[in-house]
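These are the residues of each chain, in order.
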Amino acid sequence: MTLHTGGAAAAGTWRLGDLTVNRIGFGSMRLTGSAAFDLGTPSDRERSISVLRRAVELGVNHIDTAAFYFSSRRSANELINHALAPYPEDLVIATKVWPGRDPSGEWWWATPGQLRGQVEENVRQLGRDHLDLVNLRIPPSRRTESIAEHFGALADLRDAGLIRHLGVSNATPEHLAEAQSIAPVVCVQNAYGIGAPPEGEAVLRACGEQDVAFVPFFTIAGEGREAGAGTGDSPQVLSVARAHGATAAQVRLAWTLQQGAHVLVIPGTGDPDHLAQNVAAGALRLSADEMARLSSDDRRG
């Protein structure tokens, strides 16, 4: 049995502020190489470009990227620009700031005053005159600290017209509340999926209560994170996948989408076959029993 799809629209839509997107989007991190950043070999440029174009053909109108998504030979933003500009009117490109990488690949974290430079770098690389959505990616060291100064700096850039909408990433409910007191937040990007720790539920629920999009990453990769999905899927995931003639990755995506109408997914890949499978997951509907079995799955992955 093969899982069929009506394209990215099969999962329905949600709002990012005044922008409506299909709930299955695309993450660009893996376009630059066999693994994120410089962990693998650089990608084939034409293949990455073809994946982006195919994603749009399949109805994807929400792409997640960042200026720090680059390998020794590829830049995600440059690939997006080359593949898709002039951009479709309904395409939303989301990026993120606070972390950065210098040309050698070394990481650094921006001060509030340096965020404008990071925003302008994304604008230049993408060939835009503004950014649709910018997420403030919160460092682990700020898990319990204020983000007001940094988020306030982005709010000023929003007021100046460089940014249309704002979000937060790696955020706690307290971060979300603090950011909302400064400027409207349209999405939260946190790691989340089957086997995620219980604290992830609090952010998901807070977003639902406020009609804020919850946009999880590492939904497929789990603990594999930047290195990608491993081979350790649990018996529960594999059993549900077999029952639907689906892949484990499709089950993970479907389970995540069924956590709420406000949940979006942004699976990333540089493989056209995986892209088609990921988009097809929007048509997969799991039963209440299957959802419960997967929710009780305590294997991280």
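Up top is the structure.
Residues numbered from 1 in each chain as written. Predicted model: local features only at pLDDT ≥ 70, side-chain atom pairs only at ≥ 80, totals over all residues. Heavy atoms only, no water.

## Here's the deal with helix α3 (residues 115–126)
The periodicity of an α-helix, 3.6 residues per turn, causes residues three or four places apart in sequence to face the same way.
Part 1 of the reasoning: Look at α3: 17 Å from first C-alpha to last across 12 residues, which is about the 16 Å you get at 1.5 Å a residue.
Part 2 of the reasoning: If you check which residues of α3 are buried, you get Leu115, Gln118, Val119, Asn122, Val123, Gln125 and Leu126.
Part 3 of the reasoning: Directly after α3, the chain includes Gly127, whose backbone phi takes a positive value near 70 degrees. (Helix = DSSP H or I, 4+ residues; strand = E, 2+ residues; numbered from the N terminus. Expected span 1.5 Å × (residues − 1). Buried < 20%, exposed > 50% of the residue type's maximum accessible area, 1.4 Å probe, protein only.)

## Describing the packing of aromatic side chains
Part 1 of the reasoning: Under the definition given, this model contains six aromatic pairs.
Part 2 of the reasoning: For the ring pair Tyr192 and Phe214, a centre distance of 5.6 Å and an interplane angle of 80 degrees mean the geometry is edge-to-face. A residue pair is termed long-range when its members are at least 10 positions apart, and Tyr192 in the loop between β10 (185–189) and α6 (199–209) and Phe214 in strand β11 (residues 213–214) qualify at 22 residues.
Part 3 of the reasoning: Relative to Phe218, the ring of Phe217 lies with its centre 5.0 Å away and its plane at 75 degrees, an arrangement referred to as edge-to-face.
Part 4 of the reasoning: Since its relative accessible area comes to 11%, Phe217 is described here as buried.
Part 5 of the reasoning: Three or more aromatic residues link up through ring pairs in this structure, and these residues are Phe68, Tyr69 and Trp107.
Part 6 of the reasoning: Geometry around Phe217 places Arg137 over its ring, the cationic atom sitting 4.6 Å from the centre. (Phe/Tyr/Trp six-rings, centres within 6.5 Å; stacked < 30°, edge-to-face > 60°. Lys NZ or Arg CZ within 6 Å of the ring centre and 35° of its normal.)

## Quick look at the sheet that holds strand β4 (residues 62–64)
Part 1 of the reasoning: Reading across from one edge, β3-β4-β5-β8-β9-β10-β11 is the order of the seven strands in this open sheet, with parallel pairing throughout. Looking at the sheet topology across the chains shown, the edges are occupied by β3 (26–27) and β11.
Part 2 of the reasoning: Taken together, the four bridges between strand β9 (residues 163–169) and β10 define a ladder with parallel strand orientation. Residue Ser169 lies in a different strand from β10, and its bridge partner there is Gln189.
Part 3 of the reasoning: Lying on the sheet, α3 is in contact with β5 (92–97), β8 (131–137) and β9; it crosses β5 at an angle near 145 degrees. (Pairing = 2+ DSSP bridges. Contact = heavy atoms within 4.5 Å. Axes fitted to C-alpha atoms, helices over the stretch in contact; angles between N-to-C directions.)

## Considerations on helix α4 (residues 148–159)
Part 1 of the reasoning: With 12 residues, α4 extends 16 Å between its outermost C-alpha atoms, agreeing within 8% with the 16 Å of an ideal straight helix rising 1.5 Å per residue.
Part 2 of the reasoning: For α4, the set of buried residues is His150, Phe151, Gly152, Ala153, Leu154, Ala155 and Leu157.
Part 3 of the reasoning: Just beyond α4, the residue with positive phi is Gly161, at close to 90 degrees.

## Overview of the packing of helix α2 (residues 76–84) against α3
Part 1 of the reasoning: Running from N to C, α2 and α3 point in directions that differ by 35 degrees, and their axes come no closer than 8 Å. Mapping the contact onto sequence places Asn77, Glu78, Ile80 and Asn81 in α2 and Asn122, Gln125 and Leu126 in α3.
Part 2 of the reasoning: Residue composition of the contact of α2 with α3, by class: two nonpolar, four polar and one charged. (Nonpolar A, V, L, I, M, F, W, Y, C, P; charged D, E, K, R; others polar.)

## Let's talk about the pattern of salt bridges
Part 1 of the reasoning: In the structure shown here, the tally under the stated rule is 12 salt bridges.
Part 2 of the reasoning: Salt-bridge contacts for Arg158 lead to Asp159; the nearest nitrogen and oxygen are separated by 3.9 Å.
Part 3 of the reasoning: For Asp159, a relative accessible area of 61% corresponds to the exposed category.
Part 4 of the reasoning: Because the salt bridges share partners, they merge into one network encompassing Arg45, Glu46 and Glu78. (Salt bridge = Lys/Arg side-chain N within 4 Å of Asp/Glu carboxyl O.)

## Structural notes on the nonpolar core
Part 1 of the reasoning: Residues Leu52, Val119, Leu154, Val168 and Val188 are the most contacted members of the largest nonpolar core, which totals 74 residues.
Part 2 of the reasoning: Take this core: its biggest share by element is six residues, from helix α8 (residues 248–257).
Part 3 of the reasoning: The next biggest cluster of nonpolar side chains, apart from the first, holds 13 residues, and it includes Val21, Leu133, Val215 and Ile266. (Core = buried A, V, L, I, M, F, W, Y, C linked by side-chain atoms within 4.5 Å.)

## Focus on the side chain of Gln250
Part 1 of the reasoning: Positionally, Gln250 belongs in helix α8.
Part 2 of the reasoning: Here Thr247 takes part through its backbone nitrogen, which lies 2.9 Å from a polar atom of the side chain of Gln250. (Polar contact = N/O pair within 3.5 Å; in protein donor to acceptor, adjacent residues only side chain to side chain.)

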